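The residues making up each chain are set out below.
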Amino acid sequence: MSLQCGIVGLPNVGKSTLFNCLSNAKAQSANFPFCTIEPNVGVITVPDERLIKLGEICHPERGVIPTTVEIVDIAGLVKGASKGEGLGNKFLANIRETDAIIHVLRCFDDENVVHVDGSVNPVRDKEIIDAELQLKDLETVEARIQKCEKAAKAGGDKQAKLQLEVLVKYREALSQGKNARTVELDNKEEEAAARDLFLLTNKPVMYICNVDEGSAVTGNAYVEQVKDAVKDEDAQVLVLAAKIESEIAELESYEERQMFLEEIGLEESGVNRLIKAAYALLKLRTFLTAGSDEVRAWTFREGMKAPQCAGVIHTDFERGFIRAEVIKYDDFVALGGEAQCRAAGKLGIEGKDYLVQDGDIMHFLFNV
């Protein structure tokens, strides 16, 4: 299941530095705009402490295999991007292809790092990018309204009428400088119509406040300004210091990294927190398989049923699905393995309608 989060922001806010911390694919990082012209894609391992515990219990021959998520580093947007300024059309197209947005905001002062607008103001920076994305969305909405009006009038198309109602709601919000994700839709039919529009400002978003080392734990005034600015949005705010994260990434061992984190007062690296948050932002969850051959994490979308999750492993599993054997992670760990869970009656037999839960340990039975 290949889903992507795109990292966006103005030039020189720390996007590529952050991306380099996340991935082995090294984006060029330099003190000038547009140093990243082509989007860089990194396949990022999702940290999951449950895998370590299961590995200790199962001692798998092939080892422990985590799941992944894709992160795309997109070049810095500037004012006028919606009109093609600063290679804007290409950048906006790259954003459109992603499933969620990680919006990096500069929340640190450093006279040695040039700001494209001459001063540090994360709320202004957010509004610049919001405005460019909103203008592009408004252009999309206006064009679709014209088509839907014709279809609704000419043929009495019910679907066109429904989509027109949704489009008018979006046009009103976008015209007021609001993001599409702030629009409240009335029912599932409207939500389905909205998904077909693929609006940029309707994508789930997480704001990353890139701070200096001294603010990595507590945040700072810039962070508080950002939190206040996005309080009415359905969005996450995460604080991290990209410069520190790059230093942590260079350390060889887990023990060294943990010592470094403890010294600056952090329990977990910002990169780990970011990857987990990005995974959740995409509404992704994890089911597990555990045995003597391997322990493995598998990605599924929230709300998927057992046959669909079986299909994540192999299409034949879904096509010939019979049933699923399910053990809850806590039971598996507490009792010490599958055999013990069977003996204690902690193994459930589930059918086609079972909604898979995050952390379920599953074994699928199928016949093709």
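Criteria and cut-off values
Residues numbered from 1 in each chain as written. Predicted model: local features only at pLDDT ≥ 70, side-chain atom pairs only at ≥ 80, totals over all residues. Heavy atoms only, no water. Buried < 20%, exposed > 50% of the residue type's maximum accessible area, 1.4 Å probe, protein only. Helix = DSSP H or I, 4+ residues; strand = E, 2+ residues; numbered from the N terminus. Pairing = 2+ DSSP bridges. Axes fitted to C-alpha atoms, helices over the stretch in contact; angles between N-to-C directions. Parallel < 35°, antiparallel > 145°, perpendicular 65-115°, else oblique. Left-handed = near helix turned anticlockwise from the far one by under 90°. Contact = heavy atoms within 4.5 Å. Nonpolar A, V, L, I, M, F, W, Y, C, P; charged D, E, K, R; others polar. Patch = residues over 30% accessible without salt bridge, like charges linked within 9 Å, V, L, I, M, F, W, Y side chains within 5 Å. Areas by Shrake-Rupley, 256 points an atom, 1.4 Å probe, with all protein chains shown as cover. Salt bridge = Lys/Arg side-chain N within 4 Å of Asp/Glu carboxyl O. Lys, Arg positive; Asp, Glu negative; His and termini not counted. Charge placed at Lys NZ, Arg CZ, Asp CG, Glu CD.

Caption draft 1: Fine view of the pairing of strand β4 (residues 68-73). Most of β4 sits out of view: 5 of its 6 residues are buried. Bridge count for strand β1 (residues 4-8) against β4 is 4 bridges, and the pairing is parallel. Opposite Cys5, over in β4, you have Ile71 as the bridge partner.

Caption draft 2: Looking closely at helix α1 (residues 15-22). Most of α1 is tucked away: 7 of the 8 residues are buried. Among all positions in α1, only Lys15, Ser16, Leu18, Phe19, Asn20, Cys21 and Leu22 are buried.

Caption draft 3: Seen up close, the packing of α1 against helix α8 (residues 242-250). Closest axis-to-axis distance for the α1/α8 pair is 9 Å, and the angle between their directions is 25°. With respect to each other, α1 and α8 are oriented roughly parallel. Taken as a pair, α1 and α8 cross one another with a handedness that is left-handed. For the pair α1 and α8, the contacting residues are Thr17, Leu18 and Cys21 in the first and Ala242, Glu245 and Ser246 in the second. Considering only residue class, the contact of α1 with α8 consists of 3 nonpolar, 2 polar and 1 charged.

Caption draft 4: Structural context of the environment of Leu281. Note on placement: Leu281 falls in helix α10 (residues 270-281). The buried category is assigned to Leu281, whose relative accessible area is 11%. Through-space distance from the C-alpha of Leu281 to that of Ala235 is 9.0 Å; in sequence the pair is 46 residues apart. Contacts of Leu281, omitting those with residues within four sequence positions, involve Ala100, Ile101, Pro204, Val205, Met206 and Gln236.

Caption draft 5: Focus on a negative patch on the surface. On the surface, Asp109, Asp212, Glu213, Glu247 and Glu250 cluster together into a patch of negative charge. Along the chain, the position of Glu250 falls in helix α8.

Distances and angles like these do not, on their own, reveal function.
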